[in-house]
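Results of the structural survey
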Amino acid sequence: MTLTLGLPHFLVVAALLFSLGLVCILSRRNAIGLLLGIELMLNAANINLIAFARFVESDLSGHVFALFVMVLAAAEAAIAMAIVLAIFRSMKHIDVNLTVNLKE
Amino acid sequence: MEPFAQAHLLWLIPVLPLLGAFINGAFGLKIHRRYGEKPIHVVAILMPALSFVIAAYYFLQMTALAPEQRQMLNHLYDWIRIGDFNLPLAFWFDPLSGAMTLMITFVGTLIHIYSVGYMHKDDSYWRFFAYMNLFMFSMLTLILGDNFVLMFVGWEGVGLCSYLLISFWYRDLKNAGAGMKAFITNRVGDFGFIIGMFALLWALGGGWNASGYALQRPENLTLVFREIKLIAPLLLNEQIFGIAAPTFICLLFFWGATAKSAQIPLYVWLPDAMAGPTPVSALIHAATMVTAGVYMVARLNFLFAMSPVVMTVVAGVGALTALFAATIGLFQTDIKKVLAYSTVSQLGYMFMGVGIGAYWVGIFHLLTHAFFKACLFLGSGSVIHAMHHAYHKSNNHHDDPQDMRNMGGLGQYMPTTKWTYLAACFAIAGFPFMSGFFSKDEILWLNFANANTLIPGQVFWAIGAGAALLTAFYMFRSYFMTFTGKFRGSADTAHHLHESPKSITSVLKTLGVLSIIGGVIGLPKLWHLPNFLEHWLEPVFETAQPYLHWHHYSHGLEWGLMALSVVIAFTGFAIAYTLYKDARSKVPAQFIQKYPALHRVVYNKYYVDEFYQATFIRGTMIFSNLCDWFDRTVVDGLVNLSAFVTHQFSKLNGWHDNKVIDGAVNGLASLTGYCGQALRKVQTGRIQTYLYVLLGGGLVLILIRFVIFS
């Protein structure tokens, strides 16, 4: 049998990737771990965008969108890493469950 | 501007005594302490004396004018100006006010001089002279004012001064009460006067005519005498409350006069007013103030003459008062009380004169009465002064120095007082050729001959003649009881009796002489002698003449009545002489024993005071108490009730505010607080909590999508 790659395959992969990212975010207490989960989820979304662009619409808008997301992810990762470093400097840890000072 | 002679210094006549009153009133105490009595009485005597000089100057100037031009005006400024109504502050000097001013300043000055001796060593020497000068000011304003309002100012002023002077020795409750009585009684009369004034103004400026048609004459709104005189005939056809306007207005004015001039029914204050110092009784309550009512009627002759009803009332009240007061005088034992009732009685004669339209005669009697009654009062003052002094020296503090029963034989100790008192007694009793004879006889004759009153004049004549008999009797009774026979006090007291000082006797002599010769100004026409006074006053009273009518009787009748008057005077004298000459006659005592009830009633003044006490005063008190009760229970009750209700309502309101409104506000606040407290728990600050909730929410949405839209 010939396995033809269709849209559902991409979507399933993207869904799995998104779920992994989500689980990562929900379960990790390390701030870096959260960033990793976010990267996974953003890339899952990118897969969806590309897949839809490839199978549903035949113009370039989906690809351009994916490129934007990548740039955004890079910028976000840079800023987030800066914040994490700042937290670490003041608190000597990067456990998100313990950084609840703004609550009070 | 006006066709009258101008008299620029006229205002000084009343103002000078006012200045004296101010000096003595404001600085009297200091002057008295530092310089003694002399500067006080010098100022007080000088001021009325200067007024007299000015009055005499203008009087002489006026005699040079033609009779119809004898009017002088001193217009100071316009006092009140409202629309067409213009009230000037002006003084008016015509034959009537001129004669009155001369008399008042002359007698007033004399009595001021007399007071120097009488009030000697009084603690309030300065106060007395300040009041006396203030009185002169008020009285002269009353006389000289050229309009009703100015007259009313004086009218009130003399009432005030009368009150102040009656209760001069105010430490004695009796004196203070007498002053109050005089003042309140006068207020009753003032009410009539002021209502009369308003009614007159209203009737002149509009009013209703006989058929009820409303009139409008704003140009006639005036209270100036000489202007009213010109437009007075307008009132003839007017009515007020269905009564002819002149009758209505004049009755109100006469009401005012009954209080001021002590006529029935408001005479009761005058006998009590004798509580004041004797010079006050002489000046205010005999010679001047009490004659203000007579002057007012004479001044308003053009109004009073219009209404026969009013003329009858005035003459009738005068006649009744003359007789009534004379009977009370019969049994009085207080020498000043006798003179007081005699004053009331003589004022009755004056009203008989002005009432029937013989205005000049009323004024004539006013002038002669001023002389002889002032002389009598000052004589009695001299007697009281001597008695008081003698009692004081002989340490007798329980006998009354005014009671004639304690006197007798004083003539040998004080001859000047005796002779002047006797002269004045002859004058008041109407002995031939004395001043009182001419004036009283003319009043009686004109009453007999008048055709103006609704009651025949002969009735008035009879009442007046009867009163004349009583007058002659009680006046000589007072003379004999006081001056003849033997002194009824102790020998020690008699030892200290002596004649009064020169300031008193000189005044007595002057007034005594005037009592005798004062009648020459009004000699009877019957004797074909010139009658100066009637001629002099003619221009003032000419406007009343068209309304007046006289019966024409023969000269024989007039001669006869005159002879009868003389007989009456002699009879009174003879009875008094027999009964009281030496106080040896038993007849008076027997009479009292035989008719105790009659004596008691008359001695107690017919219980009129008690009657007033029981009716008017008690009625007023009951009404006041009722009002007091009403105020305290009903009005205060309502006030307290409303306060109570308000209080209770406020309480409820406060409770509502505290509990309901504040409760709602606080409740909302605490509810918000609780919600906040509850909700803040959700806000953990942990990013993963939020993500779990986000995830849960997403799953729920998906579930809903499948449940609903599948």
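Think of each chain on its own: its residues are numbered from 1, step by step along the sequence as written. Both sets of labels track the order of writing: A upward for chains, 1 upward for ligands. In keeping with the predicted nature of the model, local features appear solely for residues at pLDDT of at least 70, side-chain atom pairs appear and are counted solely at 80 or more, and the whole-chain, interface and lining totals rest on all residues.

Secondary structure assignment for chain A yields three helices and zero strands. What counts as a helix is a DSSP run of H or I of at least four residues, what counts as a strand is a run of E of at least two, and both are numbered from the N terminus. In chain A, the succession of α and β elements from N to C terminus is α-α-α. C-alpha atoms define the radius of gyration, and 2.2 Å times the number of residues to the power 0.38 defines the globule rule. Against the 2.2 N^0.38 benchmark of 13 Å for 104 residues, chain A shows a C-alpha radius of gyration of 17 Å, more extended than a compact globule. By principal-axis analysis of the C-alpha atoms, chain A measures approximately 55 × 30 × 20 Å. With C-beta atoms placed from the backbone, a residue is labelled by how many other C-beta atoms lie within 10 Å of its own: buried for 20 or more, exposed for 12 or fewer, partly exposed between the two. Expressed as a percentage of its 104 residues, the buried residues of chain A come to 15%. For the purpose of contact definition, each residue receives a C-beta atom placed from its backbone, and two residues are in contact when these atoms lie within 7 Å. When contacts within chain A are restricted to residue pairs at least 6 apart in sequence, those whose partners lie at least 24 apart make up 49%.

Here we come to the overall build of chain B. The helix and strand tally for chain B stands at 26 helices and six strands. For 710 residues, the compact-globule estimate of 2.2 N^0.38 gives 27 Å, and the C-alpha radius of gyration of chain B, at 38 Å, exceeds that figure by more than 25%. In terms of overall dimensions, chain B has a C-alpha envelope of 150 × 70 × 55 Å along the principal axes. Counting across all 710 residues of chain B, residues that qualify as buried make up 49%.

It is worth spelling out the domain arrangement of chain B at this point. An automatic or database domain assignment supplies the residue ranges for each domain. Along its sequence, chain B is carved into domain 1 (300–603) and domain 2 (610–684). Between the C-alpha centres of domain 1 of chain B and domain 2 of chain B the distance comes to 71 Å.

Each residue carries a pLDDT score, the predictor's own confidence in it, on a scale running from 0 to 100. Across chain B, pLDDT averages 88, with 98% of residues at or above 70. Scoring the predicted complex yields pTM 0.77 and, for the interface, ipTM 0.81.

This brings us to the environment of Val-682 of chain B. All names here are of chain B. Relative to the assigned elements, Val-682 resides in the loop between helix H25 (608–680) and helix H26 (687–709). C-beta crowding within 10 Å serves as the criterion here: with 9 such atoms nearby, Val-682 is assigned to the exposed category. For the pair formed by Val-682 and Ile-264, sequence separation is 418 residues and the distance between their alpha carbons is 106 Å.

Residues and elements named next belong to chain B. Paired strands are those between which DSSP finds at least two bridges. Pairing analysis gives nine bridges linking strand E2 (residues 72–82) to strand E3 (residues 85–93), with the strands arranged antiparallel. When the bridges of E3 are listed, Arg-81 appears paired with Asn-86. With antiparallel pairing between neighbouring strands as the criterion, E2 and E3 make up a hairpin whose turn holds two residues, including Gly-83 at a positive phi of roughly 55 degrees.

Often the size quoted for an interface is simply the accessible area lost on bringing the parts together. Listed as interface residues are seven residues of chain A and, on the opposing side, eight residues of chain B. As a working rule, the residues Ala, Val, Leu, Ile, Met, Phe, Trp, Tyr, Cys and Pro are called nonpolar, Asp, Glu, Lys and Arg charged, and the rest polar, with Gly in that last group. Residues that form the side of chain A that touches chain B fall into these classes: five nonpolar, one polar and one charged.

Residues and elements named next belong to chain B. Omega for the peptide link from Ile-264 to Pro-265 comes to 5 degrees, which places this bond in the cis form. Relative to the assigned elements, Pro-265 resides in the loop between helix H8 (245–260) and helix H9 (269–272). Look at Lys-121: it is not a glycine, yet its phi comes out positive at around 70 degrees. Checked against the element boundaries, Lys-121 lands in the loop between helix H3 (95–118) and helix H4 (125–144). Residue Lys-121 is classed as exposed on the basis of its C-beta count, with 6 C-beta atoms lying within 10 Å.

Residues and elements named next belong to chain B. Every angle, taken between N-to-C directions, lies between 0 and 180 degrees, and every axis is a line fitted to C-alpha atoms, over only the stretch in contact when it is a helix. Contact pair H3 / helix H10 (residues 278–287): the axes reach a minimum separation of 9 Å and the direction vectors enclose 160 degrees. Classed by the angle they form, the pair H3 and H10 counts as roughly antiparallel. Crossing hand, H3 versus H10: right-handed. Note on element contacts: H10 touches H3 through Thr-278, Pro-279, Ala-282, Leu-283 and Ala-287, opposite Val-107, Gly-108, Ile-111, Tyr-114, Ser-115 and Tyr-118. Note on terminology: angles under 35 degrees are roughly parallel, angles over 145 are roughly antiparallel, angles of 65 to 115 are roughly perpendicular, and the others are oblique. In this scheme the crossing of two helices becomes right-handed for a clockwise turn of the near helix relative to the far one and left-handed for an anticlockwise turn of less than a right angle.

The next subject is helix H5 (residues 148–166) of chain B. Between the first and last residue of a helix there are one fewer steps than residues, each counted as 1.5 Å, and that sum is the expected span. Over its 19 residues, H5 of chain B extends 26 Å from the first C-alpha to the last, a length consistent with the 27 Å expected when each residue adds 1.5 Å. The buried fraction of H5 of chain B is high, at 14 of 19 residues.

In this section: the sheet that holds strand E1 (residues 5–6) of chain B. Spatially, E1-E2-E3 (chain B) is the arrangement adopted by the three strands of the open sheet, whose pairing is mixed. Because the sheet does not close on itself, it has two edges, and the strands there are E1 and E3 of chain B.

Moving on, we get to H3 of chain B. Here H3 of chain B is 24 residues long and its end C-alpha atoms lie 34 Å apart, about the 34 Å a rise of 1.5 Å per residue gives. Among the 24 residues of H3 of chain B, 23 are classified as buried, and the element is accordingly described as predominantly covered.

One finds Val-314 and Ala-374 of chain B to be the most contacted residues of the largest nonpolar core, which totals 220 residues. A per-element tally of this core places helix H15 (residues 359–393) of chain B first, with 21 residues. Aside from chain neighbours lying at most four places away, what touches Val-314 of chain B is Phe-254, Val-297, Phe-304, Phe-351, Val-354 and Gly-355 of chain B. Counting residues in each nonpolar core, the second largest holds five residues, with Ile-25, Leu-34, Leu-35 and Val-96 of chain A among its members. When buried Ala, Val, Leu, Ile, Met, Phe, Trp, Tyr and Cys residues are joined through C-beta atoms within 7 Å, the set is termed a nonpolar core.

Here we come to the packing of helix H17 (residues 435–449) of chain B against helix H18 (residues 457–483) of chain B. Residues and elements named next belong to chain B. Look at H17 against H18: their axes get within 6 Å of each other, and the N-to-C directions meet at 155 degrees. When the interaxial angle is binned, H17 and H18 end up roughly antiparallel. Seen from H17, the contacting residues are Lys-440, Ile-443, Leu-444, Asn-447, Phe-448 and Ala-449; seen from H18, they are Gly-457, Gln-458, Phe-460, Trp-461, Gly-464, Ala-465 and Ala-468. The residue inventory of the contact of H17 with H18, partitioned by class, reads eight nonpolar, four polar and one charged.

Next up on the list: the pairing of E2 of chain B. Where E1 of chain B meets E2 of chain B, two bridges bridge the pair, whose relative direction is parallel. Within E2 of chain B, the residue paired with Ala-5 of chain B across the bridge is Met-72 of chain B.

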